[in-house]
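# Per-entry structural report
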Amino acid sequence: MRTRPLDLVAPALVTALLIGCGGSTPAPTAATASAAPAEAAAGQPMQPEFDAPQDEGRPPTAEREEAAASDAVDRDAAPAEAAPPPAPPVAAAPVTPTPGPAQSRATKAGAARGADARIQVTGGAPAPKRAPTPAATAVARPAPPPPAVAITAPEPQGSETYRDYGVNPVEDPAKDRLSTFAIDVDTASYAIARRKIMDGALPPYQAVRAEEFLNYFDYGYASPATGPFAVHLAAAPSPFTAGHHLVRVAVQGKRMPVKERTPVHLVYLVDTSGSMHSPDKIELAKKSLKMLTDTLKPGDTVALCTYAGSVREVLAPTGIESKGKILAALADLTAGGSTAMSSGIDLAYSLAERTLVKGHVNRVIVLSDGDANVGPTSHDEILKTIKRARDKGITLSTIGFGQGNYKDLMMEQLANQGDGNYAYIDSEAQARRVFSEQVGGMLQVIARDVKIQVEFDPSFVKSYRLIGYENRDVADRDFRNDKVDAGEIGAGHSVTALYDVELKVPAPKGEGAAPLVVRLRHKAPLGSNTAEETLVKMAPGAIAPTFDAAPADFRFASAVAGFAEVLRHSPHARSWRLADIEKIARAAASSKGDQQEFIGIIRRAGALANGKTDAVAVNAD
């Protein structure tokens, strides 16, 4: 299975940073620019089969809109009897180099886990073609009025960068009975997709990571009686594919009251560059940090620094006893200027080292839209800096804001390297969820380098496929290699993974028979770097006879996974209908607001997929 070494992360991060911030990437030649549309057409992803049939060969909504805009510009630019003087050239959106040869989504299905992934850049406006210079005429004709075009935004918008990690292939347990991956508790992908759907567009399929959809929701798993976490296994016939079963592997971290939490020392690193100058960015970031600060207790400290054209230490490490001083420093933040992220990270770690205490939580929290020029330090050096700090006990989390020029790829990978979590904030309600209701998972680590290995018994299982976690794959041989980095679990965190499994009939019976065995390996939050291992077997009785007989939380998670599969154009979900997924979610959802909201989001996505671009959000009831 695929590993996630540094040399895979760094090139993608370099590309995202350079392209997103006008770095030193060479400008594309005319030949390259003209070839880009053809290459994009060749790599056009397959459309999923939504609730209504799509027009054959019809491109996705975003591409249709861009193509229509490009055609309109071409028509406007075409000369008449005598063309007017050419308009000043318009800067084209940057052309993003693709790492490795382009692959279609169909090619990825069933491909080896080591297949190249693509980086997708969306949201850049196509450059209008310049009309050819007209020949000289005897009489100068008056220039016609300019064609109607969209009003340029006050602040230039860049492009959004996502990485396509592909889709895990179907495995034969007779050839490979082990599935190994690292824990992931990130949730940003779901929040990004939700915002785009609520704004009237389907998310780019590259932005959809199934595990982040699954882990966005709290399924109410029981807490462990002892130890840092409990494992919950369940299975039921699949509602999507006849003859298949869905198998859930869930991990619930122990919940801890605030009074038992160890002291935390936080450094807020806030992007105050010009790209953050909007209410849904810098102002929302300030409100988010105020919420976080309000959750801290005596013994905790906060430091604040910013980066734009230069970096600035706004507030030295300050005890929460002086909360008024911390809140005043946050209130004074404003955005403007260029960006120098690397220097900001260096300063943040310098501040973190002032309060580095063994046994305490030491964390840098980066708040940004990800559209950053890292400055004079190389990208490899930034990743090394993050790793060195992580080894000292200083972790790094990223919180994303805004859209239009958002760099999801960079924000995700920085958090991955920093052993922190990655969230996306699009509203005060989401900020409250991350920084108030679920803040314990960020502030209190209960297990480090957590890996999961699921072993499927070939006498029970004909085939299996892990839904999501493509960028969290760990080589089977590295499961017990404690030097290989993995994810962390915070207090109250839950992790959910679903497998699409085809069972053999009849299944073996008898004492000790188990279709699968789950092993978890983790290190204590402090102290020894030697990991402990836990083993849990699934009993045949854990398989529900029908899907409807499965627990409600299992059925709701199945709907979430199905929604992610459809949105990311999984080849395994071509015949899945959003209307059916909505019915599953409606029947299984609890009264929690986010679960009820999910039902409406599925319905809205279905309307958008069927061409109803004027669809409005509807209530779940």
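Reading the values: the criteria
- Residues numbered from 1 in each chain as written.
- Predicted model: local features only at pLDDT ≥ 70, side-chain atom pairs only at ≥ 80, totals over all residues.
- Heavy atoms only, no water.
- Helix = DSSP H or I, 4+ residues; strand = E, 2+ residues; numbered from the N terminus.
- Buried < 20%, exposed > 50% of the residue type's maximum accessible area, 1.4 Å probe, protein only.
- Contact = heavy atoms within 4.5 Å.
- Areas by Shrake-Rupley, 256 points an atom, 1.4 Å probe, with all protein chains shown as cover.
- Axes fitted to C-alpha atoms, helices over the stretch in contact; angles between N-to-C directions.
- Parallel < 35°, antiparallel > 145°, perpendicular 65-115°, else oblique.
- Left-handed = near helix turned anticlockwise from the far one by under 90°.
- Nonpolar A, V, L, I, M, F, W, Y, C, P; charged D, E, K, R; others polar.
- Phe/Tyr/Trp six-rings, centres within 6.5 Å; stacked < 30°, edge-to-face > 60°.
- Lys NZ or Arg CZ within 6 Å of the ring centre and 35° of its normal.
- Pairing = 2+ DSSP bridges.

### A word on the overall build of the protein chain
Helix and strand content of the protein chain: 16 helices and 17 strands. Relative to its full complement of 621 residues, the protein chain shows a buried share of 52%. At a minimum sequence separation of 6, the contacts of the protein chain that also span at least 24 residues come to 81%. Accessible area of the protein chain: about 26200 Å², with a carbon and sulfur share of 55%.

### So, the packing of helix α14 (residues 552-567) against helix α15 (residues 578-588)
Across the interface, α14 lies against α15 with an axial gap of 8 Å and an inter-helix angle of 155 degrees. Our classification of the angle between α14 and α15 gives roughly antiparallel. Crossing geometry of α14 relative to α15 is assigned as left-handed. Facing α14, whose interface residues are Ala552, Arg555, Phe556, Ala559, Gly562, Phe563 and Val566, α15 presents Leu578, Ile581, Ile584, Ala585, Ala587 and Ala588. Per-class residue counts for the contact of α14 with α15 are 11 nonpolar, one polar and one charged.

### Regarding the packing of aromatic side chains
Evaluated as defined, the whole model comprises 19 aromatic pairs. Through successive ring pairs, a cluster of aromatic residues spans Tyr190, Phe213, Tyr216, Phe217, Tyr219, Tyr221, Phe556, Phe563 and Phe598. Here the guanidinium or amino end of Arg433 rests over the ring plane of Tyr216, the centre of that ring lying 3.8 Å away.

### Some remarks on the environment of Ala589
Within the element layout of this structure, Ala589 appears in the loop between α15 and α16 (593-609). We classify Ala589 as buried; its relative accessible area is 18%. Once the C-alpha coordinates of Ala589 and Arg555 are considered, the two residues, 34 residues apart in sequence, prove to be 8.5 Å apart. Not counting the four nearest positions on each side in its chain, Ala589 is found in contact with Phe556, Gln595, Gln596 and Ile599.

### Brief notes about the sheet that holds strand β9 (residues 361-368)
In spatial order, the strands read β8-β7-β6-β9-β10-β11; together these six strands make up an open sheet with mixed pairing. Two strands close off the open sheet at either side, each with one partner strand: β8 (311-319) and β11 (419-425). Across the sheet, the mean angle from the axis of one strand to that of its neighbour is 15 degrees, orientation sign disregarded. Direction of pairing for strand β7 (residues 301-307) relative to β8: antiparallel, over a ladder of six bridges. Within the sheet, the bridge partner assigned to Thr306 lies in β8 and is Arg312. Against the sheet, helix α8 (residues 323-331) touches β6 (264-271), β7 and β8, its axis set at about 160 degrees to β8. In the packing of helix α9 (residues 341-354) onto the sheet, the strands contacted are β6, β7, β8, β9 and β10 (394-401), and the crossing angle to β8 comes to about 20 degrees.

### Brief notes about the sheet that holds strand β4 (residues 229-237)
With antiparallel pairing, four strands are arranged side by side in an open sheet as β4-β5-β15-β13. Bordering the open sheet on either side are β4 and β13 (461-467), each of which pairs with just one other strand. Each adjacent strand pair in this sheet contributes to an overall mean axis angle of 20 degrees, direction not counted. The pairing of strand β5 (residues 245-253) with strand β15 (residues 494-503) spans eight bridges and is antiparallel. Residue pairing for β15: Leu246 is matched across the bridge by Asp500. Packing against the sheet, α14 makes contact with β4, β5, β13 and β15, and its axis sits at approximately 110 degrees to β5.

What is shown is where atoms sit, not what they do.
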